[in-house]
Amino acid sequence: MAHGITATLANYRTSLQSPSTANIGQEANSSGDESCQTFILNDEDHTLGNALKYILNKNPEVTFVGYSLTHPSENKINLRIQTSGKPAIDVLKQGFKDLKQMCSHMLTTFESSTRYYKENHMDVNSDMDQS
Amino acid sequence: MPHISPSATASPLEEVRRKVKLTEHTVENVNSTDFPGTYEEYDDAWSQEKFEEKFQIDIVSLSTTEMEFDMVGVDAAIANSIRRILLAEVPTMAIETAAIWNNTSIIQDEVLAHRLGLIPIKADPRLFEYKPKDAEAGSSDDTLQFSLKIRCSRNNVTTDATDPRVLFKNHKVYSRDLEWVPLPGQDHLKNKGIGPVDKDILIATMRPGHELDVDLYCVKGIGKDHAKFSPVATASYRLLPEIRLLREFHGEECERLQKCFSPGVIEVRETPEGKKMARVVNARMDTCSRNVFRHDDLKDGVVLQRVRDHFIFSVESTGILPPDTLVSEAMKILMGKCQKFLQELDDKANSFTSSKDKHRKGKKS
């Protein structure tokens, strides 16, 4: 980069730019019981945590699910899952699948609605050119 | 007949599940309760089919910068994720580094750099990569270069004018003075209209002899890192209000009732017999001020609620991408997060079983 007086703007980069290899981890579980586990999701916050909690709560096999932000300066969440017997990791996978499928449907619905709106309400030349 | 909406006849349990109730001093039924195990008579387990059946999106208005739409049939957890992603996780390009060769204006280097950083840059972020953390210089894939080279001088006018606009040239530096410098290999971007979104953002004011010479480097980033990367001015939602009149309102009461709500919510009509009557025509317009509860004679005749799964979204773009594209991108990002973790869990399961296999083989031999 050029040599001048360089003023670099505030830049407290998350690990976003070079994602760490592991984004998900599991807390050691002393009892060896696979139905209760805490997962650590790196680089995530309420955005995914709460959505995931909702979809997992919708699963009848889940007896408890909750998440917490460990500390404001730590960029990760702890997600606790307890089930009525099924391994927690399988339930978590199902949760991700359900959430993904749900978003996929939301996306197609949203895109078809906007397409419909643009076809019916928008004069491409008048409305969109107000900038 | 007073105006009665169909839901007035719904069972009390259904009301608890579907509505948030606003009372004089409290808000009731705030939390979602539609989870398996809460109600005996409902099957609340997740079902994609049921979701697809009731999920609905209606576009209310759409322009290049603003959009309003209704998202019906989702939980607050999901709607909030979309909102949060819009604010903090949909990427844009913004000025990240300013190489200041010369700045003789009165604005300090670091303040100038900060102001420049906040200027929305019109460039489709989807055409760029994130700049690798350890990379010193930017490449054509991840960086846009701008230059700001401007000098204020005296205008050769012999008037006794005092207006700086008449006396000086370039005494105000605007965002339009930023000039895009295509890097080698960025020829394909030349017809994309790259530059500041708004041309009239004031950057600095100068006097004759003052000069700015700055090289600027834009990178791709997200609002979580710095608000300058946020693609929206605002992105918010509110729940659809529902107002029910439990009895008829006549005469003087009508106007008082009407004044308790936002304009356009209550209509006062005259019956053929010349009597005044009030009815709810557009509850959506209401701000849910709860003013009606200040009138002791009116409050028992009105039920104020909000529909728990009906979100009225309002998205205002900074102008870099149209608002509908931003919402689509936000949904894709949420999908991407799920995909990323699913992939990782699968990889983990595979590596675990393969290491187990190795271990077993090792024991045998």
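Computed from a predicted structure; not experimentally measured.

**Some thoughts on the overall build of chain B**
Phase 1: Within chain B, the secondary structure is distributed over seven helices and 18 strands.
Phase 2: Over its C-alpha atoms chain B spans a radius of gyration of 29 Å, topping by over 25% the 21 Å that the globule rule assigns to 365 residues.
Phase 3: Viewed in the frame of its principal axes, chain B has a C-alpha envelope of about 100 × 80 × 35 Å.
Phase 4: Counting over 365 residues, chain B shows a buried share of 48%.
Phase 5: Within chain B, residue pairs in contact and separated by at least 24 positions form 74% of the contacts whose partners lie at least 6 positions apart.

**With respect to the UniProt feature "domain: DNA-directed RNA polymerase RBP11-like dimerisation" (unreviewed entry) in chain A**
Phase 1: When the UniProt feature table is mapped onto this chain numbering, "domain: DNA-directed RNA polymerase RBP11-like dimerisation" (unreviewed entry) sits at residues 37-107 of chain A.
Phase 2: For residues 37-107 of chain A, the end-to-end C-alpha separation is 32 Å, with 45% helix and 31% strand making up the annotated structure.

**Regarding the sheet that holds strand S2 (residues 24-26) of chain A**
Strand pairing in a sheet is mediated by backbone hydrogen bonds. Such pairs are either parallel or antiparallel.
Residue and element names in this part refer to chain A.
Phase 1: Across the sheet, four strands lie side by side as S2-S3-S5-S4; this open sheet has antiparallel pairing. The open sheet has two edge strands with one neighbour each: S2 and strand S4 (62-69). Neighbour to neighbour, the strand axes of the sheet diverge by 20° on average, direction disregarded.
Phase 2: Bridge analysis of S4 against strand S5 (residues 76-83) gives seven bridges, and the strand direction is antiparallel. The residue of S5 that forms the bridge with valine 65 is isoleucine 81.

**Notes on the domain arrangement of chain B**
Phase 1: Once the domains are mapped, chain B shows domain 1 (6-88 + 233-251 + 282-316) and domain 2 (92-230).
Phase 2: Taking the mean C-alpha position of each, domain 1 of chain B and domain 2 of chain B sit 44 Å from one another.

**Comments concerning unusual backbone geometry**
Residues and elements named next belong to chain B.
Phase 1: In this structure, asparagine 170 is a non-glycine residue whose phi angle is positive, near 60°.
Phase 2: With respect to the helices, strands and loops of the structure, asparagine 170 is situated in the loop between strand S9 (168-169) and strand S10 (172-174).
Phase 3: Its identity as a non-glycine residue notwithstanding, cysteine 288 has a phi of 60°, on the positive side.

**As for the state of the cysteines**
Phase 1: In the structure shown here, the tally under the stated rule is zero disulfides over all chains.
Phase 2: For Cys338(B), which is in no disulfide, the shortest distance to another cysteine sulfur is to Cys103(A) and amounts to 5.6 Å.
Phase 3: Classification of Cys338(B) by relative accessible area gives buried; the value is 0%.

**Remarks on the interface of chain B and chain A**
Phase 1: Every contact between the two is made by 71 residues of chain B and, on the other side, 64 residues of chain A.
Phase 2: At the boundary of chain B with chain A, total buried surface from both sides reaches about 6400 Å², with 66% on carbon and sulfur atoms.
Phase 3: Interface area lost by chain B to chain A is led by Trp46(B), Phe341(B) and Leu345(B), which between them contribute 11%.
Phase 4: Taken together, the connections running from chain B to chain A amount to six salt bridges.
Phase 5: A salt bridge links Lys337(B) to Glu44(A); the nearest nitrogen and oxygen atoms lie 2.7 Å apart.
Phase 6: Where chain B meets chain A, there are twelve residue pairs in polar contact (both at pLDDT 80 or more).
Phase 7: Contributions of two or more residues to the side of chain B that touches chain A are made by helix H2 (48-54), strand S3 (56-62), strand S4 (66-72), helix H3 (76-88), strand S5 (92-103), helix H4 (109-117), strand S14 (211-221) and helix H7 (323-364) of chain B.
Phase 8: Of the residues contributing to the side of chain B that touches chain A, the split by class is 37 nonpolar, twelve polar and 22 charged.

**Focus on the UniProt feature "domain: DNA-directed RNA polymerase RpoA/D/Rpb3-type" (unreviewed entry) in chain B**
Phase 1: UniProt records the feature "domain: DNA-directed RNA polymerase RpoA/D/Rpb3-type" (unreviewed entry) at residues 66-344 of chain B, using the numbering of this structure.
Phase 2: Segment residues 66-344 of chain B splits into 20% helix and 34% strand. End C-alpha atoms: 37 Å apart.

**Quick notes on the packing of helix H1 (residues 46-57) of chain A against helix H2 (residues 88-121) of chain A**
All names here are of chain A.
Phase 1: Viewed as axis vectors pointing N to C, H1 and H2 meet at an angle of 105°, and their least axial separation amounts to 9 Å. In terms of orientation, H1 and H2 fall into the roughly perpendicular class. Of the residues in H2, those in contact with Leu48, Ala51, Leu52, Tyr54, Ile55 and Leu56 of H1 are Val91, Leu92, Gly95, Phe96, Asp98, Leu99 and Met102.
Phase 2: Of the residues contributing to the contact of H1 with H2, the split by class is eleven nonpolar, one polar and one charged.

**Some thoughts on H3(B)**
Because the α-helix completes a turn every 3.6 residues, residues three or four places apart line up on one side.
Phase 1: In this model H3(B) runs 18 Å from its N-terminal to its C-terminal C-alpha over 13 residues, within 8% of the 18 Å that 1.5 Å per residue would give.
Phase 2: When we look at burial in H3(B), the residues that qualify are Ala77(B), Ile78(B), Ala79(B), Asn80(B), Ser81(B), Ile82(B), Ile85(B), Leu86(B) and Ala88(B).

**Concerning the pattern of salt bridges**
Phase 1: The final tally for this structure, using the stated rule, is 31 salt bridges over all chains.
Phase 2: Note that Glu61(A) and Lys86(A) form a salt bridge whose closest N and O atoms lie 3.7 Å from each other. Here Glu61(A), found in the loop between H1 and S4, pairs with Lys86(A), found in the loop between S5 and H2; they are 25 residues apart in sequence, far enough to count as distant.
Phase 3: A salt bridge links Lys93(A) to Asp346(B); its shortest N-O distance comes to 3.6 Å. Remark: Asp346(B) occurs in helix H7 and Lys93(A) occurs in helix H2; the pair is interchain, linking two chains.
Phase 4: Judged by relative accessible area, Lys93(A) falls into the buried class, the value being 16%.
Phase 5: Look at the salt bridges and you will find they share partners, linking Glu44(A), Glu89(B), Lys337(B) and Lys340(B) into a network.

**Quick look at the packing of H1(A) against H3(B)**
Phase 1: Contact pair H1(A) / H3(B): the axes reach a minimum separation of 8 Å and the direction vectors enclose 165°. Comparing their axes, H3(B) and H1(A) come out roughly antiparallel. As for how H1(A) packs across H3(B), the hand of that crossing is left-handed. Contact residues: His46(A), Thr47(A), Asn50(A), Ala51(A) and Tyr54(A) in H1(A); Ala77(B), Ile78(B), Ser81(B), Arg84(B) and Ile85(B) in H3(B).

What counts, and at which threshold
- Residues numbered from 1 in each chain as written.
- Chains lettered and ligands numbered in written order.
- Predicted model: local features only at pLDDT ≥ 70, side-chain atom pairs only at ≥ 80, totals over all residues.
- Heavy atoms only, no water.
- Helix = DSSP H or I, 4+ residues; strand = E, 2+ residues; numbered from the N terminus.
- Rg over C-alpha atoms; globule rule 2.2 N^0.38 Å.
- Buried < 20%, exposed > 50% of the residue type's maximum accessible area, 1.4 Å probe, protein only.
- Contact = heavy atoms within 4.5 Å.
- UniProt positions renumbered as here; feature names shortened; annotations may be inferred.
- Pairing = 2+ DSSP bridges.
- Axes fitted to C-alpha atoms, helices over the stretch in contact; angles between N-to-C directions.
- Domains from an automatic or database assignment.
- Disulfide = S-S within 2.5 Å.
- Buried area = accessible area lost by both parts, 1.4 Å probe.
- Salt bridge = Lys/Arg side-chain N within 4 Å of Asp/Glu carboxyl O.
- Polar contact = N/O pair within 3.5 Å; in protein donor to acceptor, adjacent residues only side chain to side chain.
- Nonpolar A, V, L, I, M, F, W, Y, C, P; charged D, E, K, R; others polar.
- Parallel < 35°, antiparallel > 145°, perpendicular 65-115°, else oblique.
- Expected span 1.5 Å × (residues − 1).
- Left-handed = near helix turned anticlockwise from the far one by under 90°.

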